[in-house]
Amino acid sequence: MDTGDSITSKAHRTWMDIKALFSSDNEEAMLEEAIRGEKASVEEYEDVLQESTLPPSTATLLKRQKSAIEDGLSTIKRLEDLNVRFML
């Protein structure tokens with residue numbers, strides 16, 4: 001895969017695009033779906049990191065990537081909280 005994207009992540013982005021077309025509340029639905037997707041990514045990273053056969057350099061790289069996803073997840077959750085507050 002050219003960009004390092006997994007088939008799962010590409011499928012998830014496609015699903016988000018489709019959901020955006022048919023959702024009456026685009027922003028909230030998209031934030032919820034982004035959170036779901038990021039959580040799934042973190043879980044996949046955790047599963048892979050549990051493997052004891054990973055070379056240390058690979059484990060370090062995966063931990064950095066997982067941390068970046070977790071940072072993004074925190075940002076998305078903050079955006080969702082702001083979106084909910086503005087809707088009230």
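As shown above, the structure is provided for reference.
Cut-offs used in this document
Throughout this description, residue numbers start from 1 for each chain and increase along the sequence as written. For a predicted model such as this one, the threshold for reporting local features is a pLDDT of at least 70, and the threshold for listing and counting side-chain atom pairs is 80 or more; totals across whole chains, interfaces and linings nevertheless cover every residue. No hydrogens and no water enter the side-chain calculation; it runs on all heavy atoms of the structure. Every helix listed is a DSSP run of H or I at least four residues long, and every strand listed is a run of E at least two residues long, numbered separately from the N terminus. The contact criterion used throughout is that any non-hydrogen atoms of two residues lie within 4.5 Å. Using a 1.4 Å probe, accessible areas were evaluated by the Shrake-Rupley method; residue-level cover was limited to the displayed protein chains. In this analysis, the expected span of each helix is defined as 1.5 Å times one less than the number of residues it contains. Relative accessibility decides the category of a residue: with a 1.4 Å probe and only protein chains considered, values under 20% of the type maximum give buried, values over 50% give exposed, and everything between is partly exposed. Each patch is built from residues lacking any salt bridge and having more than 30% relative accessible area; the joining distance is 9 Å for like charges and 5 Å for nonpolar side chains (Val, Leu, Ile, Met, Phe, Trp, Tyr). Put simply, a salt bridge is a Lys or Arg side-chain nitrogen that is within 4 Å of an Asp or Glu carboxyl oxygen. This count recognises Lys and Arg as positive and Asp and Glu as negative, with His and chain-terminal groups excluded. By convention, the point assigned to a charge is CZ for Arg, NZ for Lys, CD for Glu and CG for Asp.

Check the secondary structure of the protein and you find 3 helices and 0 strands. Intrachain contacts of the protein at a sequence separation of at least 6 include 51% that bridge at least 24 residues. Carbon together with sulfur atoms contributes 56% to the accessible area of the protein, which is approximately 6500 Å² in total.

With that settled, the discussion passes to helix α2 (residues 26–49). Between its first and last C-alpha, α2 extends 34 Å over 24 residues, near the 34 Å set by a 1.5 Å rise per residue. Within α2, burial applies to A29, L31, E33, A34, I35, G37, V42 and Y45.

Attention shifts here to a negative patch on the surface. Side chains of E43, E44, D47 and E51 sit close together on the surface and give a patch of like negative charge. Relative to the elements of secondary structure, D47 occurs in helix α2. On the basis of relative accessibility, which here comes to 54%, the residue D47 falls in the exposed class.

A few words on the side chain of E80. Tracing the sequence through the fold places E80 in helix α3 (residues 56–87). Not counting residues within four places of it along the chain, the set of residues in contact with E80 comprises L31, E32 and I35.

Scope: geometric values only; no functional claims are made or implied.
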